[in-house]
Amino acid sequence: MPGTWFATFARRVIHAETFEFVVAPAIADLQFEASGAGYLEKTRGYLGVWMALWGALCSDVGGDARVMCADTGILAGLAFMQASYYAGMLMLALEGLTITRALMILLGLLTVSLIVTLFCFWPTRRLRALAP
Amino acid sequence: MAESRLPSVSATEAVVLNLLESGERFGLELVNASAGRLKRGSVYVTLSRMEAKGFVESWQEERAPKAIGLPRRLYRATAYGLQVRDAYVLLREALALKPAEAQ
């Protein structure tokens, strides 16, 4: 059945709701059309499904970014708490650090903490939840 | 007090509403009936956005129990969607008038 692997792939990269309303109908139309379609029609169908996935992905990333912006303070606080904890541990373990080196370590820890925080708290809420 | 936002209808959304006014259709049917104004890749994103706005409603088609593949989705314009489209048509016509004609 055409589009089966595509559906499996799309389910992994976009939100369930976006899949149901944007990508699944595109795949369903592709499957409906594929039975009597020629090579050109199938290619156009697949292109349409890829475009639908791209649109869905953009919509998801945009929605997630909006949620992230709304939670900037909380995310920054969580990252700072982690960085402070590990920085304190490192300061105790490493003696005789220069200020420059200590600041570089702190900056590195802040970056790593921010990445970990974003990974753990990536919003699963949808853009529609924020929509008026 | 919460600020209420006016609904907006884009040109593409107006095309979709015009096509759905006559009855329910599948996404692919909308593309085929639009004479090139709707694209296959973007019509589902547009329909999803319109559903979030309340301009259209959709549901999955009823299928035989042993049917294979994903079920297709049918779309229908809501009364609210058609009302907003009509209001926008009136607005565009009113704004297109010259000041002397409007009096």
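The shown structure was predicted, so the numbers you read here are calculated from the model rather than taken from an experiment.

**Let's talk about the packing of helix H1 (residues 11-20) of chain B against helix H3 (residues 40-53) of chain B**
Residue and element names in this part refer to chain B. At a minimum axis separation of 11 Å, H1 and H3 run at an interaxial angle of 85 degrees. By the angle between their axes, H1 is roughly perpendicular relative to H3. Of H3, the residues touching H1 (which contributes Thr12, Glu13 and Val16) are Thr46, Leu47 and Met50. A per-class count over the contact of H1 with H3 returns three nonpolar, two polar and one charged.

**Examining the interface of chain B and chain A**
Chain B puts 18 residues into the contact, and the matching count from chain A is 24 residues. Only helix H2 (27-33) and H3 of chain B provide two or more residues apiece to the side of chain B that touches chain A. Of the residues in the side of chain B that touches chain A, the class split is eight nonpolar, five polar and five charged.

**Some points on H3(B)**
Between its terminal C-alpha atoms H3(B) stretches 21 Å, which fits the 20 Å expected from 14 residues at 1.5 Å a residue. Phi turns positive one or two residues past the end of H3(B), at Gly54(B), with a value near 90 degrees.

**Section: the environment of Gln83(B)**
Residues and elements named next belong to chain B. Mapped onto the elements, Gln83 comes out in helix H4 (residues 79-96). We classify Gln83 as exposed; it has 12 C-beta atoms within 10 Å. Each C-alpha atom of the pair Gln83 and Phe55 lies 9.1 Å from the other, and the pair is 28 residues apart in sequence.

**A few points about the environment of Met50(B)**
Residue and element names in this part refer to chain B. Tracing the sequence through the fold places Met50 in helix H3. What makes Met50 buried here is the crowd of 24 C-beta atoms within 10 Å. When the C-alpha atoms of Met50 and Ala77 are compared, they prove to be 9.4 Å apart, with 27 residues separating the residues in sequence.

**Describing the confidence of the model for chain A**
For residues with low pLDDT, the predicted coordinates do not support detailed interpretation. Residue and element names in this part refer to chain A. A residue-level look at chain A finds 92% of positions with pLDDT of 70 or above and a mean pLDDT of 82. When pLDDT is averaged over each helix and strand of chain A, the minimum, 46, is found for helix H6 (residues 127-130) and the maximum, 89, for helix H2 (residues 16-34). Predicted confidence for residues 125-132 stays below pLDDT 50, and this span has 12 contacts to residues more than four positions away or in other chains.

**Topic: the environment of Arg72(B)**
Take Arg72(B): it is sitting in the loop between strand E2 (56-60) and strand E3 (73-77). Judged by C-beta crowding, with 19 C-beta atoms within 10 Å, Arg72(B) ranks as partly exposed. Expressed as a C-alpha distance, the spacing of Arg72(B) and Val89(B), which sit 17 residues apart in the sequence, is 31 Å. Once residues lying within four places of it in the same chain are set aside, the contact partners of Arg72(B) are Pro25(A), Ala28(A), Asp29(A), Phe32(A), Phe26(B) and Glu61(B).

Rules and cut-offs
The numbering scheme is per chain: residues are counted from 1 as the chain's sequence reads. Think of it this way: whatever chain is written first is A, whatever ligand is written first is 1, and the rest follow in order. Given that this is a predicted model, residues contribute local features only at a pLDDT of at least 70 and side-chain atom pairs are listed and counted only at 80 or more, while totals for whole chains, interfaces and linings are drawn from all residues. With axes taken as lines fitted to C-alpha atoms, and helix axes fitted only over the stretch in contact, angles between N-to-C directions fall between 0 and 180 degrees. Only DSSP runs of H or I reaching four residues or more are called helices, and only runs of E reaching two or more are called strands; each is numbered from the N terminus. The cut-offs work like this: below 35 degrees is roughly parallel, past 145 is roughly antiparallel, 65 to 115 is roughly perpendicular, and the gaps in between are oblique. This entry defines residue contacts through backbone-placed C-beta atoms, with two residues in contact when those atoms are within 7 Å. Ten residue types, Ala, Val, Leu, Ile, Met, Phe, Trp, Tyr, Cys and Pro, are classed as nonpolar, four, Asp, Glu, Lys and Arg, as charged, and the remainder, Gly among them, as polar. One fewer than the residue count of a helix, multiplied by 1.5 Å, yields its expected span. Buried means a residue has 20 or more other C-beta atoms within 10 Å of its own C-beta, exposed means 12 or fewer, and partly exposed covers the counts in between; C-beta atoms are placed from the backbone. The pLDDT value tells you how sure the predictor is about a given residue, anywhere from 0 up to 100.

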